[in-house]
Amino acid sequence: MGEPVVEGRGGAGDPVAPPGRHESRADPEAASGAPAAPSGAARAGAARSGAEDGAEGGAGAAPAPADAPDGGPRPARSRRRWGRRRALTAAAGAVLLAAAGGALAYGLGGGTPESEASSGLPPATTEVARETISDVETASGELGFGPAATAAARAGGTLTRVPGTGAEVGRGETLFEVDNRPVTVMYGDEPAYRPMAVGTEGADVEQLERNLSKLGYGGFTVDSAFTEGTAAAVMEWQDDRGLEVTGTVELGSVLFAPGAVRVDSLQAEEGGQVQPGAPVLDYTGTEKLVTTELEPADQRLVEDGGEVEVTLPDGQTVAGAVEEVTTVIEPATEQQDAQTVIEVVVALEGDDAQEAAADYPLAAVDVEFVSETREDVLTVPIAALMALSEGGFGLEVVEGSTTSYVPVDTGLFADGKVEVTGEGITEGTVVGMPR
């Protein structure tokens, strides 16, 4: 069994927490007596093996930390952004050990009282704990209404009605009018892309029928087939909307959106002429969302429906869920090369979260992603790890007035703690710690 490669405690060999904007948390609290995550390089334990007088401890080199990804800000994008992603992660190796700085005689330099040095016991101890730990990584985000979509005119003419910026339009209501013909908002993910009439079949027909049913029209079965019953309901709807009563839903008379829409900005003025395909306005949803960006290497952090935590400007935290993940290529500019980012849209979960965010039309927020969680595992403070001469890591196990060095395998590093397993290492095992 290997011994520590460097004598002394709390010197230049302490394990360090990863640099950058990388936060971790654990639940429950660390075992009593566990210090905060130390600064410095790898901790080396005292070699108390009764070496001959005058012998010096050999200096052993532990693995150097992996390079942390560049966490510096990138130049501003031409697309509207309120915040940039902060530095998120550091390589796991940075948490482990840097090279030890040389032999430090135990008890020299006033570091350890003579009574402790002669006793052969570590200056402090802690117990191995059993708990659940989570590694949390934080990115900056922007609170708003999410990415905007564009509503275009599908037929040419004069814009006879446009809403004001910030107006909200729900199912069955008019978004804008061309030559006094209203464009009606209906809900659905399938875009309108063709006229619909008797004999038409598809997902867009089912969306139309579902909306007609929600609006109070009947006489048909909600399915993918446009029947005579559907046509009769459409004619009733057209009459109510002031459209030409034909039983055919013309392209451009309906805009399908995931839900109620909010007018974000206008691209054309009331009274102006528009051509088919000309943009009229940009719109978003009506609920508050958070948009953030991650590096491609961090896509592992997100999945549809994944839970996150959002910290608002006043420090209040609310629950969120990943709603959309999109790969975006940012074009090259004079200041930077083309870059690929992962754009993540987070929905604020529940009425309480929406209410808490209501006072912030636009704001910078923090989004916390739980990158990994380990449940019911054994943990010790990172500072308790020792580099062994044959390689790997160990713990100094204290039993009464004696100690021994036990090799351990390490798992997740989080919140100044590390998951450990090893022969004889159980909950409550007493291990040495630096002062």
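Residues numbered from 1 in each chain as written. Predicted model: local features only at pLDDT ≥ 70, side-chain atom pairs only at ≥ 80, totals over all residues. Heavy atoms only, no water.

## Let's talk about the overall build of the protein chain
Part 1 of the argument: Counting its secondary structure elements, the protein chain contains 5 helices and 22 strands.
Part 2 of the argument: Here the analysis covers contacts within the protein chain between residues at least 6 apart in sequence; of these, 73% occur between residues at least 24 apart.
Part 3 of the argument: Summing over all exposed atoms, the protein chain offers an accessible surface of approximately 20,800 Å²; the carbon and sulfur share of this is 47%. (Helix = DSSP H or I, 4+ residues; strand = E, 2+ residues; numbered from the N terminus. Contact = heavy atoms within 4.5 Å. Areas by Shrake-Rupley, 256 points an atom, 1.4 Å probe, with all protein chains shown as cover.)

## Here we look at the pairing of strand E10 (residues 261–266)
Part 1 of the argument: Across 2 bridges, the pairing between strand E6 (residues 168–169) and E10 is antiparallel. Within E10, the residue paired with Val 169 across the bridge is Val 261.
Part 2 of the argument: As paired strands, E10 and strand E12 (residues 279–285) are joined by 5 bridges and run antiparallel to one another. Looking at the pairing, Arg 262 lines up with Thr 284 of E12. (Pairing = 2+ DSSP bridges.)

## Considering the confidence of the model for the protein chain
Part 1 of the argument: On average, residues of the protein chain carry a pLDDT of 79, and 72% of them reach 70 or more.
Part 2 of the argument: By mean pLDDT, helix H1 (residues 92–95) is the weakest element of the protein chain at 39, and helix H3 (residues 203–214) is the strongest at 98.
Part 3 of the argument: When the criterion is pLDDT under 50, residues 6–118 qualifies, and its contacts beyond four places in sequence or with other chains add up to 246 contacts. (pLDDT = per-residue confidence, 0-100.)

## Describing H3
Part 1 of the argument: With 12 residues, H3 extends 17 Å from end C-alpha to end C-alpha; this agrees with the ideal 16 Å at 1.5 Å per step.
Part 2 of the argument: Every buried residue belonging to H3 is among Asp 204, Val 205, Gln 207, Leu 208, Glu 209, Asn 211 and Leu 212, and all of these are buried.
Part 3 of the argument: The secondary structure elements touched by the buried residues of H3 are strand E8 (181–187), helix H4 (228–241) and strand E9 (254–257).
Part 4 of the argument: Positive backbone phi, approximately 100 degrees, marks Gly 216, located one or two places after H3. (Expected span 1.5 Å × (residues − 1). Buried < 20%, exposed > 50% of the residue type's maximum accessible area, 1.4 Å probe, protein only.)

## Observations regarding the environment of Gln 336
Part 1 of the argument: Positionally, Gln 336 belongs in the loop between strand E15 (317–330) and strand E16 (339–348).
Part 2 of the argument: In this structure Gln 336 comes out as buried when scored by relative accessible area, which is 8%.
Part 3 of the argument: At 3.4 Å, the side chain of Gln 336 and the side chain of Gln 339 are in polar contact. (Polar contact = N/O pair within 3.5 Å; in protein donor to acceptor, adjacent residues only side chain to side chain.)

## Considerations on the pairing of E8
Part 1 of the argument: Counting buried positions along E8 yields 5 of 7 residues, so the element is predominantly enclosed.
Part 2 of the argument: With 4 bridges connecting them, strand E7 (residues 174–178) and E8 associate as antiparallel partners. Each bridged residue has a counterpart across the sheet, and for Val 178 the counterpart in E8 is Arg 181.
Part 3 of the argument: Where E7 folds back on E8, the antiparallel hairpin that results is connected by 2 residues, among which Asp 179 adopts a positive phi of roughly 50 degrees.
Part 4 of the argument: Of the pairings in the sheet, the one linking E8 to E9 comprises 4 bridges and is parallel in character.

## Focus: the sheet that holds E7
Part 1 of the argument: Pairing is mixed across the open sheet formed by 5 strands, whose spatial order is E9-E8-E7-E5-E11. Edge positions in the open sheet fall to E9 and strand E11 (273–274), since each of these has one partner strand only.
Part 2 of the argument: Bridge count for strand E5 (residues 157–161) against E7 is 2 bridges, and the pairing is antiparallel. Among the inter-strand pairings, Arg 161 is bridged to a residue of E7, identified as Glu 177.

## What about the pattern of salt bridges?
Opposite charge on two side chains allows them to pair when their charged atoms are near.
Part 1 of the argument: In the structure shown here, the tally under the stated rule is 11 salt bridges.
Part 2 of the argument: One salt bridge connects Glu 372 with Arg 374, and the closest N-O pair in it is separated by 2.8 Å.
Part 3 of the argument: Three or more residues joined by partner-sharing salt bridges are found here, namely Arg 130, Asp 376 and Glu 427. (Salt bridge = Lys/Arg side-chain N within 4 Å of Asp/Glu carboxyl O.)

## A look at the side chain of Thr 184
Part 1 of the argument: Here Thr 184 lies in strand E8.
Part 2 of the argument: In terms of polar contacts, Thr 184 uses its side chain to reach the side chain of Arg 241, at 3.1 Å.
Part 3 of the argument: Residues in contact with Thr 184, not counting those within four places in the same chain, are Gly 172, Glu 173, Trp 237, Arg 241, Ser 253, Val 254 and Leu 255.

## Considerations on H4
Part 1 of the argument: Over its 14 residues, H4 extends 20 Å from the first C-alpha to the last, a length consistent with the 20 Å expected when each residue adds 1.5 Å.
Part 2 of the argument: All of the buried residues in H4 are Gly 229, Thr 230, Ala 231, Ala 233, Val 234, Trp 237 and Gln 238.
Part 3 of the argument: For H4, the secondary structure elements touched by its buried residues are E8, H3 and E9.
Part 4 of the argument: Two or three places before Gly 229, at the start of H4, stands the capping residue Thr 227, its side-chain oxygen 3.3 Å from that residue's backbone nitrogen.
Part 5 of the argument: Phi turns positive one or two residues past the end of H4, at Gly 242, with a value near 80 degrees.

## Notes on the nonpolar core
Part 1 of the argument: Counting residues in each nonpolar core, the largest one holds 23 residues, and the members touching the most others are Leu 143, Val 290, Val 310, Leu 312, Leu 348 and Phe 369.
Part 2 of the argument: Other than its neighbours up to four places away in sequence, Leu 143 contacts Lys 288, Leu 289, Val 290, Leu 312, Leu 348, Ala 357, Tyr 360, Pro 361, Leu 362, Ala 363 and Val 365. (Core = buried A, V, L, I, M, F, W, Y, C linked by side-chain atoms within 4.5 Å.)

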